[in-house]
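# Residue-level structure breakdown
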Amino acid sequence: MTTRIDGRAATDHRPVTIERGWSSQAEGSALISFGNTKVLCTASFTNGVPRWMAGKGSGWVTAEYSMLPRSTNERMQRESIKGKVGGRTHEISRLIGRSLRAVVDMKGLGENTLVLDCDVLQADGGTRTASITGAYVAMADAIEWGRDKGFIAKKATPLTDSVQAISVGIVGGEPMLDLAYTEDSNADTDMNIVTTGSGKFIEVQGTAEHAPFDRDELDVLLDLGLAGNASLAAIQRSALGLA
C-alpha cells in the first residue's frame, strides 16, 4: 500500500478537529480542520421565513460559501470586488445547502430560517467536504439555541440525522481517501461523497479527470467514502458531546 506525502495510508483521512462554538456572536459555529484545510462555519438563526414561505408552518435552511483572499498560495481577488459571485462558489453553496436540508425536518424546524456561512480560512483540498461536515455541527447548535429561546417546540425533532462529506479519488492507480490539494490536482478520478450518519447517500459527485474508471473502482471509492464519513460522524458526535 502506498504511503502518501503526509505519511497517511491510502484509507486514512487527515487529522480532523472541530472547535465548536468558535464564534461568540453566531447562534452556532464550528472551526473545522481537515489537515491544513480550515473552514469557519457559522449558523445564523432568524425567527421567520422568506415571504414566499410564510404561513406554511415550515422552515428554511440555506448556505453560502466563500474563500478568503489568502486561503490559497497566491492572493485571490474578493468576489465582492469583482462584482459577481463565481460559478464554483454558487455550485458549492448550493451543495452545502442541499446536504444540510437533507437531514432537516422543515416542519419540525417551524417557521424559522437558518443561514450557514462557510468561510475558507486556509485551503489544501476538500474545502467543500469540510464545509458540509463543520456546518452540520454549527447548525445543530443553532437549532438548540432556537429551542432554548422558544422558537422551536421543546419536543420537536428538526434534525432527522447527521450529515458529513469526504473526498475520494484514484491517484497513481490507487484509491485514496480525503485528498489533499497535491493529490487532488493529480488525481485520475476525483469524487466527493455526502452521506448521512446512518450511511445513506445524499450526493455523489465524481469525475474522471484523466482516466475513466470502471464499476469495480466506483464500488471501492463508495465503500472508502462511507467508511471515512462514518469516522467523521463519530468526530461530530464527540464535538457535540453526544459520544
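Residues numbered from 1 in each chain as written. Predicted model: local features only at pLDDT ≥ 70, side-chain atom pairs only at ≥ 80, totals over all residues. Heavy atoms only, no water.

Next up on the list: the overall build of the protein chain. Looking only at helices and strands, one finds six helices and nine strands in the protein chain. Radius of gyration (C-alpha) of the protein chain: 18 Å, near the 18 Å computed for a compact globule of 243 residues. Its C-alpha atoms give the protein chain principal-axis dimensions of roughly 55 × 40 × 30 Å. In the protein chain, buried positions account for 48% of the 243 residues. For the protein chain, the proportion of contacts with a sequence separation of at least 24, taken over those separated by at least 6, is 68%. A total of about 11600 Å² of accessible surface is found on the protein chain, and carbon and sulfur atoms cover 50% of it. (Helix = DSSP H or I, 4+ residues; strand = E, 2+ residues; numbered from the N terminus. Rg over C-alpha atoms; globule rule 2.2 N^0.38 Å. Buried < 20%, exposed > 50% of the residue type's maximum accessible area, 1.4 Å probe, protein only. Contact = heavy atoms within 4.5 Å. Areas by Shrake-Rupley, 256 points an atom, 1.4 Å probe, with all protein chains shown as cover.)

Moving on, we come to the nonpolar core. Val61, Ile96, Leu100, Leu109, Leu114, Leu116 and Met139 are the most contacted members of the largest nonpolar core, which has 51 residues in total. Here this core gets 10 residues from one element, more than from any other, and that element is helix H4 (residues 127-148). Apart from the residues within four sequence positions on either side, leucine 114 is in contact with Ser44, Phe45, Trp60, Val61, Thr62, Leu109, Met139, Ala142 and Ile143. Membership of the second largest hydrophobic core comes to five residues, among which are Ala10, Met176, Leu179 and Ala187. (Core = buried A, V, L, I, M, F, W, Y, C linked by side-chain atoms within 4.5 Å.)

As summarised here, the arrangement of the five strands in space is E1-E2-E3-E5-E4, forming an open sheet in which the pairing is mixed. With one partner strand each, in any of the chains shown, strand E1 (16-20) and strand E4 (60-67) form the two edges of the open sheet. Put simply, the sheet's adjacent strands are angled 15 degrees from each other on average, direction ignored. Note that E4 and strand E5 (residues 112-122) share eight bridges and pair parallel. (Pairing = 2+ DSSP bridges. Axes fitted to C-alpha atoms, helices over the stretch in contact; angles between N-to-C directions.)

Running from amino to carboxyl end, helix H2 (residues 87-101) crosses H4 at an angle of 40 degrees, the nearest separation of the two axes being 10 Å. The orientation of H2 relative to H4 falls into the category oblique. Every pair of crossing elements has a handedness; the one defined by H2 and H4 is right-handed. Facing H2, whose interface residues are Arg88, Glu91, Ile92, Leu95, Ile96, Ser99 and Leu100, H4 presents Thr127, Arg128, Ser131, Ile132, Ala135, Tyr136 and Met139. (Parallel < 35°, antiparallel > 145°, perpendicular 65-115°, else oblique. Left-handed = near helix turned anticlockwise from the far one by under 90°.)

As for its position among the elements, aspartate 148 is in helix H4. In this structure the C-alpha to C-alpha distance between aspartate 148 and asparagine 73, which are 75 residues apart in sequence, comes to 42 Å.

Another aspect to go through is the pattern of salt bridges. The final tally for this structure, using the stated rule, is nine salt bridges. Where arginine 4 meets glutamate 183, a salt bridge forms, and the shortest distance between an N and an O atom there is 2.8 Å. Here arginine 4, found in the segment before E1, pairs with glutamate 183, found in helix H5 (residues 181-184); they are 179 residues apart in sequence, far enough to count as distant. Judged on exposure class, the residue arginine 4 and its partner glutamate 183 are both buried. For the salt bridge of arginine 147 with glutamate 144, the shortest nitrogen-to-oxygen distance reads 3.1 Å. (Salt bridge = Lys/Arg side-chain N within 4 Å of Asp/Glu carboxyl O.)

Another aspect to go through is the environment of glutamine 122. Within the secondary structure, glutamine 122 is located in strand E5. Using a relative accessible area of 34% as the deciding quantity, one classes glutamine 122 as partly exposed. Taking the C-alpha atoms as reference points, glutamine 122 and asparagine 36, 86 residues apart in sequence, are found 6.9 Å from one another. If we ignore the near neighbours within four places in the chain, the residues touching glutamine 122 are Asn36, Thr37, Lys38 and Ser71. A polar contact is formed between the side chain of glutamine 122 and the backbone oxygen of asparagine 36, at a distance of 2.7 Å. (Polar contact = N/O pair within 3.5 Å; in protein donor to acceptor, adjacent residues only side chain to side chain.)

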